[in-house]
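Notes for the structure review
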Amino acid sequence: MFNNQPVSYSGVQPSGNLTIGNYLGAIKNFASFSEAYKCFYCVVDEHAITVRQTPADLRRRTYETLALYMACGLDPEKNTLYVQSHVHEHAELAWILNCFTMFGELSRMTQFKDKSAKHADNINAGLFTYPTLMAADILLYQTDVVPVGVDQKQHVELCRDIAERFNQLFPDTFTVPEPIISKSGMKIMSLADPTKKMSKSDENVNAVVYILDDKDTIIRKFKRAVTDSETCVRLGEGKDGINNLIGIYSCFTGKSAEEIEKEFEGRGYGEFKLAVGEACADALAPVQQKYRELLADKGALEAQMKKGAEEASWYARRTLSKVQKKLGFVKI
Ligand code: TRP
């Protein structure tokens with residue numbers, strides 16, 4: 001809560017091309033939030049460097065991610081859109097929160113375990129303390145709700161624990177946030193291995209549909225999607241591939257699973273996959289068009305970043321200054 005207005009906060013990594021998992025699980029639902037909340041959306045470049053990045057790519061993707069947020073329907077007049085490294089309070093509060101977060105808590109984070117297995121040659125301290133930076137992002141804005149995918153729920157819960165611990169020692173410092181796992185934002189699974197989450201960093205390009213894939217690519221990827229040996233389009237245990245495709249089709253068309261089962265009664269997987277591909281490509285076409293227009297004007301995007309950073313700083317400064325005072329830091 002900030003000035004009696006409930007706050008929603010979310011972040012997206014600029015570390016790769018965004019997938020339909022990011023779109024359906026998070027970004028698509030963001031636009032409607034600005035009715036009820038003061039909304040902040042942050043491109044988290046500081047989180048991105050917990051794994052090695054090529055600087056030119058990181059820079060390019062920061063612009064691209066901002067443009068994509070906007071193309072997906074986020075109005076910068078109604079939302080605060082900014083880049084994490086432009087607001088220095090994030091890194092400062094993260095340090096402070098590190099001192100209120102336990103080694104054991106961070107060791108239990110499943111994302112840390114996954115990422116350190118994947119990047120065994122670079123298990124750096126930033127990868128380990130990633131969740132305290134994320135907690136700083138959230139707590140700086142006195143956030144009430146955090147719309148995230150299920151994979152980030154554990155991090156938001158840790159953020160709550162940190163906030164509660166801090167508040168116990170220093171009452172009334174932070175709002176304790178709630179995660180919002182979007183209803184339709186079910187985990188979108190990989191098309192190649194539907195027991196695994198669709199991940200933008202998957203090495204198998206056929207496993208992942210990117211928001212910016214062209215129509216032919218999208219249809220080809222869905223055609224190749226791994227399913228099962230049955231032929232009937234219906235939800236079922238062990239039918240991870242079909243369950244996933246029904247979920248995706250449902251998200252893009254707004255139809256319920258029952259409606260979808262009825263629609264494809266007596267029709268095979270091939271026809272169904274084509275329909276999913278077409279629904280996906282059609283839904284993404286206007287987003288892609290807007291994205292290209294935005295990205296063509298770097299100057300306008302930079303002006304946008306600057307405006308967002310100024311807005312965000314105003315809030316971040318207030319919280320950080322309150323925290324520093326409570327801790328006993330000398331103010332000069
Ligand atoms: N960790 C999130 C992810 O990888 C991104 C993120 C960073 C975030 N800071 C955040 C999400 C704050 C919500 C709130 O998806």
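The rules behind these values
Residues numbered from 1 in each chain as written. Predicted model: local features only at pLDDT ≥ 70, side-chain atom pairs only at ≥ 80, totals over all residues. Heavy atoms only, no water. Helix = DSSP H or I, 4+ residues; strand = E, 2+ residues; numbered from the N terminus. Rg over C-alpha atoms; globule rule 2.2 N^0.38 Å. Buried < 20%, exposed > 50% of the residue type's maximum accessible area, 1.4 Å probe, protein only. Contact = heavy atoms within 4.5 Å. Areas by Shrake-Rupley, 256 points an atom, 1.4 Å probe, with all protein chains shown as cover. Near = heavy atom within 4 Å. Nonpolar A, V, L, I, M, F, W, Y, C, P; charged D, E, K, R; others polar. Phe/Tyr/Trp six-rings, centres within 6.5 Å; stacked < 30°, edge-to-face > 60°. Axes fitted to C-alpha atoms, helices over the stretch in contact; angles between N-to-C directions. Parallel < 35°, antiparallel > 145°, perpendicular 65-115°, else oblique. Pairing = 2+ DSSP bridges. Arc of directions from axis to C-beta.

1. Digging into the overall build of the chain
- Looking only at helices and strands, the chain has 13 helices and 5 strands in total.
- Taking 2.2 N^0.38 as the reference for a compact globule, 332 residues should give roughly 20 Å; the C-alpha atoms of the chain span a radius of gyration of 21 Å, in line with that estimate.
- Dimensions of the chain, computed from the C-alpha atoms along their principal axes, are close to 75 × 45 × 40 Å.
- Within the chain, buried positions represent 52% of all 332 residues.
- The long-range share in the chain, meaning contacts at least 24 apart out of those at least 6 apart in sequence, stands at 76%.
- A total accessible area of about 15400 Å² is found for the chain, and carbon and sulfur atoms account for 52% of it.

2. Comments concerning the site of the ligand
- Around the ligand, the surrounding shell holds 13 residues, and the nearest of these are Gly11, Tyr130, Met134, Asp137 and Gln152.
- Contact with the protein chains hides 90% of the accessible area of the ligand, taken as 370 Å² for the molecule alone.
- When the residues that make up the shell around the ligand are grouped by side-chain class, the tally is 7 nonpolar, 5 polar and 1 charged.

3. What to know about the packing of aromatic side chains
- A full pass over the atoms with the stated rule returns 18 aromatic pairs.
- Relative to tyrosine 141, the ring of tyrosine 9 has its centre 5.2 Å away and its plane inclined at 20 degrees; by these criteria the two rings are stacked. On the criterion of sequence distance, the pair formed by tyrosine 9 in strand β1 (residues 7–12) and tyrosine 141 in the loop between α7 (125–140) and β4 (145–148) is long-range, its members being 132 residues apart. Like tyrosine 141, tyrosine 9 is buried.
- Ring geometry for phenylalanine 40 against tyrosine 315: centres 5.0 Å apart, planes inclined by 85 degrees, an arrangement best described as edge-to-face. Of this pair, phenylalanine 40 sits in strand β2 (residues 38–43) while tyrosine 315 sits in helix α13 (residues 298–327); the two residues are 275 residues apart in sequence, bridging distant segments of the chain. Like tyrosine 315, phenylalanine 40 is buried.
- An aromatic cluster is built from Tyr9, Phe40, Tyr82, Tyr141, Trp314 and Tyr315, whose rings are joined through pairwise contacts.

4. Some remarks on unusual backbone geometry
- Phi at glutamine 142 takes a positive value of approximately 50 degrees, unusual for a residue other than glycine.
- The residue aspartate 172 is not glycine, and still its phi comes out positive at about 60 degrees.
- If you trace the backbone, aspartate 172 turns up in the loop between α8 (153–169) and β5 (178–181).

5. Some points on the packing of helix α3 (residues 55–71) against α13
- It is at 11 Å that the axes of α3 and α13 come closest, and there the two elements cross at 80 degrees. The orientation of α3 relative to α13 falls into the category roughly perpendicular. The residues of α13 that touch α3, namely those facing Thr62, Tyr63, Leu66, Ala67 and Met70, are Lys298, Leu301, Glu302, Gln304 and Met305.
- Of the residues belonging to the contact of α3 with α13, the class tally is 6 nonpolar, 2 polar and 2 charged.

6. Structural notes on the pairing of β1
- By the criterion of burial, β1 is predominantly enclosed, with 5 of the 6 residues buried.
- Pairing analysis gives 6 bridges linking β1 to β2, with the strands arranged parallel. In the strand pairing of β2, serine 8 is matched with cysteine 39.

7. Details of helix α4 (residues 89–98)
- Looking only at α4, the buried set comprises Glu89, His90, Leu93, Ala94, Ile96 and Leu97. Each buried residue of α4 lies within a common arc of 165 degrees when the element is viewed along its axis, so the set occupies one face.
- In this structure, the buried side of α4 is in contact with β1, α2 (45–48), β3 (79–83), α7, α8 and α13.

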